[in-house]
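Reading the structure
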Amino acid sequence: MGLSLICILVGISWLLLLPLNEYSRQTYISENAILPGQVHTYFGGSEHNVFRAYRQEVWSLGHRKSEEEVTDGLYDLLQEIGLRPARQPYSFQVAGETIEGTNVYGLLQGPRADATEAMVLMAAWRNFDGEVNYSAVALVLTLARYFKRWSVWSKDILVLFPANSTYGPEAWVSAYHSTSTIPSASRNISALPVKAGALQGAIALDYPVGPWGKRFDKLDVLYDGVNGALPNLDLLNTAVSVASSQMGIGCSLHGMIDHSDSYQDRLKCLAKGVMSQAAGHATGPHSAFMPYHIDAITLKTVGDGWHDEMSLGRVTESMFRSINNLLEKFHQSFFFYILLNTHRFVSIGSYLPAAMLVAGSFTINALALWVLSGRGPVESPGKPKSTSEKLKEKALVAVNDGKDVMLVPKAELEVIERKMFLPAIVVLGVHLISLVPLYVLTHKEKSGITFAFAALAISSYLLPIYLSGVLVRVWDASVQQLQMLQSFSLLFVGATLSTWATINFSLALIVGLLASPLSFIRPITLGTSPTEPNALLNIVHAVATSFVWLITSPPLALFALSWYLGKDITWMLVEIAKGWAAQGVWSILVIWSVWWPAWVLGGIVLVSSIRFDRVPPAFDM
Amino acid sequence: MKLATLLALPASLAATVLASASDTYSEHLHLKPLPNGALYAGFNFTASTPLTAYESQHFRFFPRSLGQILQFTHTSELHLRFALGRWDEESWGNRPRNGRREGGTGVELWAWLEAQDQKEAEERWSGLVNSLSGLFCASLNFIDQTKTITPILSFAPEGTLDPEQANLHLMHGMLPHEVVCTENLTPLLKLLPCKGKAGVSSLLDGHKVFDASWQTMAIDVRPVCKGQECELEIDQTVDMVLDVERSMRPRDNPIPRPPPVEDVICDEAKGYNAHDTCYPKRREGEMEWGLSRIFGRPVQGSCPAGSRENAVDIVVEIPQERIVDAVPEDALDTVSTTDSQRSYRLKEGQELDLRLPHQILDQAQEHRQTLLHAHRQMTGYGQERGGMHIVITNPHPHSQRVVYLESLPWFLRPYMHTLAISGATIENMYYTPAIDRQKGTQLEILLEVPASSTVEMTYEFEKAILRYTEYPPDANRGFDIPPAIVRILPSNASSDDQGSYLRTTSLLLPLPTPDFSMPYNVIILTSTVIALGFGSIFNLLIRRFVLVEEAPKSPLAVMIQNLVKKVKGAKSDKKVEAAKDSSSASILKDTPNGEVRQRA
């Protein structure tokens, strides 16, 4: 127990060490072919006049009534520029809501390219906050017109205008790989009429400013993908290096414009990164590309400064020239990293031990409980200890060690037979039951989702009490069986989280930390006589563990998250349902099918010794 | 010997003159403006020699270097293609020469070889690709057995060959990753009688040719028999589509900088049009272009080789009202003028430039519908499985018979049971399964595509895991899959037995790629382990283990020990003198020493 506590404490302090210079590294460009900022950018001059005209066009499109007019307008503009335009309607049915839209995109064939590779330049019609992305759409159109004149492209360029920032790109990229073009109940995505080769990179622009214009201070680089997948660090570094070194535009991460590079700010940046990675949700139009191993980022303009749309255009031009230089896929640099600021990162080798230590604490405790469960005497939970003490005194065995003789209770030396069937069945059963909340919360309609959640939360608290009653009274579970039950549950959590840490470090770490009190849960013994020496300590321990168990519950954690985000719980539940059905976000699965069963089983163990009748059991083993 | 050489020279000259009775050479350039500011330029150079002269190694217009290779490898008919870029069917319409002089992206080669059996044919094929590789500076030698196929339906000999003949073997190979560049154009020009110094070939400049939007170079050698007289014909073709705007950029300013504001034509009808806001308007009418600006230099007069009597050097396919200015005017003879095209003959030794000014024509250019569209894409993601999705569209109101040929490398393993074709009936199918590291998959399907319909073909495949030495240096780019070849069979009415061809684009197949930095780690780790193991075993084998006392002391150690003792002795003597009064201290000092001695 002590060891696993140390594990958790070391794990947490490990995280706190990461922002220090000794444990993080300066970012660097790993792939030599990228040559960021080595090309001269020419976007400017008369292109600015063209951009203003396009922004007027886009602005007037934005004030049309129907979505159809908007897509038609964008389609016509693409055609006029000389790209091969196409449309893609899609619809998702999630939580009783229909998400509909039409993606408009155009193909710019690299004049000397062989059609095997392509890059994506996109601007969602509505950005992640729901604003119309006027300037970014106009800028992408201007860039497309400008790119058309160059013959340097070794890859085709796909210019994409998704209808919104999350589901549009998701529909488009999945149709691009033809993975879900067969309509199902929840999604109906039409196939793409125009396609190019393998996508090597995608850059999304976010600049929701109308024709009056607005100068920006910094570029916020959004990089989190669905399920915590990250783009290759080289792409991010290219963006940062082009923007800051070549164009003199500062970059920021997670909206931290005034990052002072102090320990606190680095830790804050790390925490924000870990939180958004753990959530696993889309953070921008780029997120949908990550599951297909396409490196993508979003450049979002933030703050009030002196950079204008042409600077953003030049950054984009330079980045496309860099990606165009790639002879291979992005693979040289890191795919697993945590960023502390735009120029500092922690690589997987440095941060992974934190999550592994936390996950390891479960396994250590599980093994301890397993050993404990093999020791006699077999008892019924909640029985007054005095009887067992007497039992021990009765059968003492003399153990000789050289000259010394030791009297040991006989029962403690015997390895009793483990009756594993009951705990195994209960653990399995609780895991199966966990599919119920998962199913309900991902398939319920929006109107009833909050009620369903409340019902689930209450039953989550009642279930362990009921189950433990059934276990102890009906099935006569022994203390050893309860120990085995907890051991199995902790083993499962430990193994799952340590595996998950290699896929999504942040999620494994956060769930691990939230579930860590479960390792230390022992049956509350309130039925003991007050004359016992440790009675007060026992009561304090009992109250503390019950309190911790009560507040670190999955439903309460979700509720706390919605409070932290300042959003309605209904909104969050619907977002989670949408994420599950439309984007395949797995975070909710980890919460309901890994953490929740462990929490329920912990609860069973916790309340197993409480006896309300105070009558000694008739059957004594 | 010198005398013999001197005598042989006139003799051979005489023979050449005799043979040249039917030696012919002709060249011409076809120019045609295409929609969206593109210009098609098709160069064609045809030479022929009687088969008898060829067999006795008398070459005049037929290139000797190529002729000797063909003779040595017993090649009866040869087709070699270098291609770059894509033909934009939607805006450019029908393919030039029915797609017969086109190749898939990269290099494509097929030939009919004379051989007694398959083994001999393979040997000769190997000789052919290796020799051509040297001649054309291309990696043709990489067409090995894994990349060679024998199509059955897709190709028919163009010359008078009997494909049923037992000793004729068709071999076909493609290299999709080969980048076609200037070093391939130069050898091609060297094969011409005027070597690119005169005639229309003088326009072929690598900078301009390889800046084209689509470009293909072809060499076709075929025997043509008219009755008893047979001759060998070589047809060299360079087809390209140039972007007029891009090609007209001056050489000293090739960067497409944003034009000055004054040069952008604004749409003044827009309400927001202002000095800083300009909606760009497309320039109306036909673009201005000229030969020397497009190709970077004027035509250097005619090529005097061959008969010039009825020669037509340049054909410009433009509407009648379009103005063409020849500079200088007298450098050109107009052969004929029709509604749609004008033919010109060049004069020897006179530079010529054609200029077509900007002009607004009444009637828009007619758009010719292509015979067939074919697209092939890869579906799925991940490193284990994938799928192929082929769409063939027939826009015409009559059905067409089509042969679809796919040559897949062995590491792409198609699951034939998943092959599904919707919208057409399979008439015939030839399939040769792959053998790992020996042979690729060959799939040939004869289809009847119904009128105005779309045919979809899908199949799934598995990606093989390669041995680490089989990966190319840039393994993370993926592997190029050669284009599929679609042959549209001629309808029964036409006498033409070749039909037309089109090719899909090549594809990029990402294979499971190991982290190639790993082998180095492994090598370092194993080397360390081996070093440790070797060290300890070596020690065990050659060393004798004895107690410290048993081991003889090395002389050096003894010397040092003595030295230390002397120094210590001197020191302790001094100390004893210094601490004479406290004898107990010296006793205490001695005891530990005494103990040690006792134990030993």
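Keep in mind that what you see is a predicted model, and the values were worked out from it rather than measured. The written sequence of each chain sets the order in which its residues are numbered from 1. All chains are assigned letters beginning with A, and all ligands numbers beginning with 1, in the order in which they are written. In keeping with the model being predicted, local features are shown solely for residues with a pLDDT of at least 70 and side-chain atom pairs are shown and tallied solely at 80 or more, while totals for entire chains, interfaces and linings include all residues. Calculation of side-chain values draws on the structure's entire complement of heavy atoms; hydrogens and water are dropped beforehand.

1. Points about the overall build of chain A
Along chain A, the regular secondary structure elements total 20 helices and 14 strands. For the C-alpha atoms alone, the extent of chain A along its principal axes is close to 100 × 55 × 40 Å. Relative accessibility under 20% of the residue-type maximum defines a buried residue, over 50% an exposed one, and the middle range a partly exposed one, all with a 1.4 Å probe and only protein chains included. The buried share among the 621 residues of chain A stands at 57%. Residues count as neighbours in contact if any of their non-hydrogen atoms are within 4.5 Å of one another. By sequence separation, contacts in chain A at least 24 residues apart represent 82% of the contacts at least 6 residues apart. Counting from the N terminus, the helices are DSSP H or I runs at least four residues long and the strands are E runs at least two residues long.

2. Topic: the domain arrangement of chain A
All names here are of chain A. Split by domain assignment, chain A resolves into domain 1 (28-342) and domain 2 (354-381 + 421-619). These domain boundaries are the output of an automatic or database domain assignment. Placing the centre of domain 1 and that of domain 2 at their C-alpha centroids yields a distance of 42 Å. In this assembly, 24 residues from domain 1 lie in contact with 25 residues from domain 2. Summing the contributions of domain 1 and of domain 2, the shared interface buries around 2000 Å²; its carbon and sulfur component is 57%. Using a 1.4 Å probe, buried area is obtained as the accessible area two parts lose upon being combined, added over both of them. A per-residue breakdown of the area domain 1 buries against domain 2 is headed by A95, N227 and H281, which together make up 27% of the total. Each reported salt bridge corresponds to a side-chain nitrogen of Lys or Arg within 4 Å of a carboxyl oxygen of Asp or Glu. At the junction of domain 1 with domain 2, the criterion picks out two salt bridges. In this structure, the salt-bridge partner of E97 is K578, at a minimum N-O distance of 3.6 Å.

3. What to know about the pairing of strand β4 (residues 106-114) of chain B
All names here are of chain B. With eight of nine residues buried, β4 is to be regarded as a mostly interior element. Here strand β3 (residues 75-85) runs beside β4; their pairing, made up of eight bridges, is antiparallel. Bridge pairing in β4 links L78 to A111. Pairing between strands is defined by DSSP: at least two bridges between them are needed.

4. Remarks on the UniProt feature "transmembrane region" (unreviewed entry) in chain A
Residue and element names in this part refer to chain A. UniProt positions are given in the numbering used here, feature names are shortened, and annotations may be inferred rather than shown by experiment. On the UniProt side, "transmembrane region" (unreviewed entry) is annotated at positions that read residues 351-372, 420-441, 447-467, 488-515, 535-565 and 586-612 here. This span, residues 420-441, is 91% helix and 0% strand, and a straight line between its end C-alpha atoms measures 33 Å. Secondary structure over residues 488-515 splits into 96% helix and 0% strand, and the C-alpha atoms at its two ends are 15 Å apart.

5. Examining the packing of aromatic side chains
Residues and elements named next belong to chain A. Each aromatic pair joins two rings of Phe, Tyr and Trp (for Trp, the six-membered one) with centres within 6.5 Å, and gets the label stacked for planes under 30 degrees apart, edge-to-face for over 60, and tilted for any other angle. Counted under the stated rule, the structure contains 41 aromatic pairs over all chains. Seen in terms of ring centroids, W125 and Y134 are 6.5 Å apart; in terms of plane orientation they differ by 80°. Their pairing is edge-to-face. Residue classification places W125 among the buried residues on the basis of a relative accessible area of 5%. Since its relative accessible area comes to 10%, Y134 is described here as buried.

6. Section: the sheet that holds strand β16 (residues 373-379) of chain B
All names here are of chain B. A sheet is described by the order of its strands in space; here four strands give the open sequence β16-β17-β22-β19, paired in antiparallel fashion. On the outer flanks of this sheet lie β16 and β19 (412-422), each paired with one strand and no other. Strand-to-strand twist in this sheet, taken as the mean axis angle between neighbours without regard to direction, amounts to 20°. Fitting a line to C-alpha atoms yields each axis, with helices limited to the stretch in contact; the angle taken between N-to-C directions then spans 0 to 180 degrees.

7. Concerning the interface of chain B and chain A
Facing 43 residues of chain B, the contacting portion of chain A comprises 45 residues. Where chain B meets chain A, there are seven salt bridges. A salt bridge links E57(A) to K270(B); the nearest nitrogen and oxygen atoms lie 3.0 Å apart. Residues adjacent in sequence count toward polar contacts only when both atoms are side-chain atoms; beyond that, a polar contact is any pair of N or O atoms within 3.5 Å, and within protein one must be able to donate a hydrogen and the other to accept it. Across the chain B-chain A interface, the total number found is 20 residue pairs in polar contact (both at pLDDT 80 or more). The set of elements that each furnish at least two residues to the side of chain B that touches chain A consists of α8 (244-247), β16 and β26 (507-509) of chain B. Side-chain classes are defined by residue name, with Ala, Val, Leu, Ile, Met, Phe, Trp, Tyr, Cys and Pro counting as nonpolar, Asp, Glu, Lys and Arg as charged, and the others, Gly among them, as polar. Of the residues that constitute the side of chain B that touches chain A, the class distribution is 18 nonpolar, eleven polar and 14 charged.

8. Some details on the packing of helix α18 (residues 554-565) of chain A against helix α19 (residues 569-583) of chain A
All names here are of chain A. Look at α18 against α19: their axes get within 9 Å of each other, and the N-to-C directions meet at 110°. Taken together, the axes of α18 and α19 are roughly perpendicular relative to one another. As for the relative orientation of α18 and α19, their crossing is right-handed in sense. Contact with α18, carried on its side by L558, F559, L561, S562 and L565, involves I569, M572 and I576 of α19 and no other residues of that element. The residue makeup of the contact of α18 with α19, split by class, is seven nonpolar, one polar and no charged. Under this scheme an angle from 65 to 115 degrees is roughly perpendicular, one under 35 degrees roughly parallel, and one over 145 degrees roughly antiparallel; angles in between are oblique. Take the far helix as your reference; a near helix turned counterclockwise from it by less than a right angle gives a left-handed crossing, and one turned clockwise gives a right-handed crossing.

9. Things to note about the pattern of salt bridges
Pairing is possible between side chains of opposite charge, provided their charged atoms come close. Going through the model one piece at a time under the given rule, you end up with 41 salt bridges over all chains. Put simply, D72(A) and R87(A) hold a salt bridge, and the shortest N to O gap is 2.9 Å. Note that D72(A) is positioned in helix α3 (residues 67-81) and R87(A) in strand β2 (residues 84-94), a separation of 15 residues in sequence. Look at D72(A) and you get partly exposed, because its relative accessible area is 29%. A salt bridge links K119(B) to E123(B), with the shortest nitrogen-to-oxygen separation between them at 3.3 Å. You can see K119(B) and its partner E123(B) sitting in helix α5 (residues 118-136), four residues apart, about one turn around the helix. Exposure class is identical for K119(B) and E123(B). Each is exposed.

10. Here we look at the nonpolar core
Among the nonpolar cores identified, the biggest contains 102 residues, and L158(A), W172(A), F289(A) and F505(A) are the most heavily contacted of them. For this core, the element with the most residues is helix α20 (residues 587-607) of chain A, which contributes 14 residues. Each of domain 1 (28-342) and domain 2 (354-381 + 421-619) of chain A gives at least three residues to this core. Excluding residues within four positions of it along the chain, L158(A) makes contact with Y105(A), G106(A), L107(A), A118(A), M119(A), V120(A), L121(A), W172(A), Y176(A), A196(A) and L199(A). What we call a nonpolar core is a set of buried Ala, Val, Leu, Ile, Met, Phe, Trp, Tyr and Cys residues that are connected through their side-chain atoms within 4.5 Å. Listed in part, the 78 residues of the second largest apolar core include F62(B), L188(B), M240(B) and V244(B).

11. Some details on the sheet that holds strand β18 (residues 400-408) of chain B
Residue and element names in this part refer to chain B. The five strands lie next to each other as β20-β21-β18-β24-β25, forming an open sheet whose pairing is antiparallel. If you trace the sheet from one side to the other, it starts and ends with β20 (425-432) and β25 (500-503), each paired once. For this sheet, the mean inter-axis angle between neighbouring strands, taken without regard to orientation, is 15°. The sheet contact formed by strand β24 (residues 485-488) and β25 spans four bridges and is antiparallel. Paired with R487 across the two strands is Y501, which belongs to β25.

12. Some details on the side chain of S24(A)
All names here are of chain A. Secondary-structure assignment places S24 in the loop between α1 (2-17) and β1 (25-26). Within polar-contact distance, the side chain of S24 engages the side chain of R344 at 2.8 Å. Leave out the neighbours within four places in its chain, and S24 touches L18, P19, R266, L340, R344, F345 and V346.

13. Regarding helix α3 (residues 64-72) of chain B
In an α-helix, one turn spans 3.6 residues; hence positions three or four apart end up facing the same way. Buried within α3(B) are the following residues: L66(B), G67(B), I69(B), L70(B) and Q71(B). At its buried positions, α3(B) is contacted by α2 (51-55), β3, α5, β7 (214-226) and β8 (229-243) of chain B.

14. Here we look at the packing of helix α2 (residues 46-62) of chain A against helix α4 (residues 134-147) of chain A
All names here are of chain A. Running from N to C, α2 and α4 cross one another at 135°; their axes reach a closest spacing of 8 Å. As far as their axial angle goes, α4 and α2 are oblique. Crossing of α2 against α4: the hand is right-handed. Across the interface between the two elements, E47, V50, F51, Y54, R55, V58, W59 and G62 of α2 pack against Y134, S135, V137, A138, L139, L141, T142, R145 and Y146 of α4. Tallied by class, the residues present in the contact of α2 with α4 amount to eleven nonpolar, three polar and three charged.

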